[in-house]
Amino acid sequence: MKLTNRQFQKTLDEIEWLKKFYSKHFAVEAKPFTGEHDKKLRTEMRAVVGRINSDVDKAAEPITLVDGKPGRPPKDRILLTKLHLFQVLFEFTNREMECFSLMFLLNGDEAFSYKTIERAYSDPIVAIILHNLFVMSSGEPRRVDSSADGTGIGLFISKHYRKDREQDLKEEKETSKRKEYLMSVAILDIDTNIYVGYAAGFKSEKKLFVEALLMARKAGFEFDSMRLDKYYAYQSIFKHVGKQTRVIVIPKKNATIRGPKEWKQLITSLILAPFSFLADYFKRVRSEYNFSKDKRKFGGIRQRLQERIITAAFSRATLHNYSAKHMKS
């Protein structure tokens, strides 16, 4: 088939109608809330706590330098990492967590003050353990069908990212520059709902996307396909994800057929089989669903220092993976 800009623009003009038609007639209906699902939800917390207790020790084993000297992390750093994850999981304040640590450490170990618990968010050894823990939680290296998306995490519980994002789009502002939000990007394995790549920070979503990709690749993950929203609908996206990855994204209104072979293949698929293309594209709603679930579960981030805010977000991503593994079983 020979592509023309006229054919392409005709499809783009119809795409909004096609999306609405597909959603109305072909979208998969939401599954009802069953007793079996309720049972999994009630036992999920126990499974996550068990994984924290067992996996933190394993995540600390590869660390051979502590404060520039040979050796494994001291026991208190490992305990501190566990307490940190429990704090994020249960949404405890630092002072509430200090009381919790007294109950958790009934074996005679020294308890941690609320100041020490807060400093864990910027402790470099704790950060390394958390990084290793996220990689472990992603599972064995594999090829995945994926979806990638970014969102803003509120630093104040009263903030609502979606509403502010819609307002910023109207005013042509960049939401990632708001100081009351942390931008995060997650690459999701759509078969398991597990994050295989993650990045968070006070920078553009595109830069965080590249960081999340790099993280996933360093862990050994490769991508058969990747679903993206219009924010990523630029031709150079293939330079980032790789030519071997099938990209599913709806081009922007002002796009043309000029570009690399992979771009033209994407356009051809959209023109020849729009409903098949949309069926694949709409799998990316799983990214939005998981982001929404995480926000409902963990709420806003209380920390104020940037490095501590990023650590809190990273811990949430790890806990998400633990929950996803449990719910998948």
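Keep in mind that what you see is a predicted model, and the values were worked out from it rather than measured.

**Q** Run through the nonpolar core, naming residues and quoting values.
**A** Formed by 46 residues in total, the largest nonpolar core has its most connected members in Ile-52, Leu-182, Tyr-198, Ile-301 and Leu-319. Mapped by element, the contributors of at least two residues to this core are α2 (35-60), α3 (75-90), α4 (94-104), α6 (124-137), β4 (181-189), β5 (194-201), α12 (285-298) and α13 (306-328). At eight residues, α3 tops the list of elements feeding residues into this core. The residues touching Leu-182, leaving out its near neighbours within four places in the chain, are Thr-151, Gly-152, Ile-153, Leu-155, Ala-200, Gly-201, Phe-202, Ile-301, Ile-309, Ile-310 and Ala-313.

**Q** Which residues make up the packing of aromatic side chains, and what values do they have?
**A** In this description, a pair of aromatic rings is defined by centroid distance and the angle of the planes. Applying the stated rule across the entire model yields 15 aromatic pairs. Look at Phe-209 and Tyr-232: their rings are 4.9 Å apart centre to centre, the planes differ by 55°, and that puts the pair in the tilted class. Linking Phe-209 in helix α8 (residues 205-218) with Tyr-232 in the loop between β6 (222-227) and α9 (237-241), this pair joins segments that are 23 residues apart in sequence. Accessibility classification places Phe-209 together with Tyr-232 in one group, the buried group. Above the plane of the ring of Tyr-114 lies Arg-95, whose end atom (NZ or CZ) is 4.0 Å from the centre.

**Q** Explain the environment of Ser-137 to me, using residue names and the numbers behind them.
**A** Topologically, Ser-137 is positioned in helix α6. Those residues in contact with Ser-137, other than ones at most four positions away along the chain, are Ile-194, Thr-318, Asn-321, Tyr-322 and Lys-325. A distance of 2.7 Å separates the side chain of Ser-137 from the backbone oxygen of Phe-134, its partner in a polar contact.

**Q** Describe in detail the sheet that holds strand β7 (residues 246-248), supporting the description with residues and values.
**A** Across the sheet, which stays open at both edges, the five strands sit in the order β5-β4-β3-β6-β7 with mixed pairing between neighbours. Either end of the sheet is taken by a strand with one partner, and the two such strands are β5 and β7. Adjacent strand axes in the sheet meet at a mean angle of 25°, parallel and antiparallel pairs treated alike. Relative to β7, β6 is paired through three bridges, and the arrangement is parallel. Bridge pairing in β7 places Arg-227 opposite Ile-248.

**Q** Break down the pairing of β4 for me, with residues and values.
**A** Residues in a regular strand project their side chains so that they alternate between the two faces of the sheet. In terms of burial, β4 is largely enclosed, as nine of its nine residues are buried. Burial along β4 is two-sided: the face carrying Tyr-181, Met-183, Val-185, Ile-187 and Asp-189 and the face carrying Leu-182, Ser-184, Ala-186 and Leu-188 are both buried. Of the strand pairs in this sheet, strand β3 (residues 143-154) and β4 are connected by nine bridges, and their pairing is antiparallel. Among the inter-strand pairings, Ile-153 is bridged to a residue of β4, identified as Leu-182.

**Q** Let's hear about the pairing of β3: which residues, and what values?
**A** β3 sits mainly inside the fold: 10 of its 12 residues count as buried. Two elements, β3 and β6, share five bridges in a ladder whose sense is parallel. Directly across from Ser-147, in β6, lies its bridge partner Arg-227.

**Q** Lay out the environment of Asp-55 with the relevant residues and their values.
**A** Its place among the elements puts Asp-55 in helix α2. For the pair Asp-55 and Ile-129, spaced 74 residues apart in the sequence, the C-alpha separation amounts to 9.8 Å. Leave out the neighbours within four places in its chain, and Asp-55 touches Leu-133, Met-136 and Tyr-322.

Quick notes on the rules
- Residues numbered from 1 in each chain as written.
- Predicted model: local features only at pLDDT ≥ 70, side-chain atom pairs only at ≥ 80, totals over all residues.
- Heavy atoms only, no water.
- Core = buried A, V, L, I, M, F, W, Y, C linked by side-chain atoms within 4.5 Å.
- Buried < 20%, exposed > 50% of the residue type's maximum accessible area, 1.4 Å probe, protein only.
- Helix = DSSP H or I, 4+ residues; strand = E, 2+ residues; numbered from the N terminus.
- Contact = heavy atoms within 4.5 Å.
- Phe/Tyr/Trp six-rings, centres within 6.5 Å; stacked < 30°, edge-to-face > 60°.
- Lys NZ or Arg CZ within 6 Å of the ring centre and 35° of its normal.
- Polar contact = N/O pair within 3.5 Å; in protein donor to acceptor, adjacent residues only side chain to side chain.
- Pairing = 2+ DSSP bridges.
- Axes fitted to C-alpha atoms, helices over the stretch in contact; angles between N-to-C directions.

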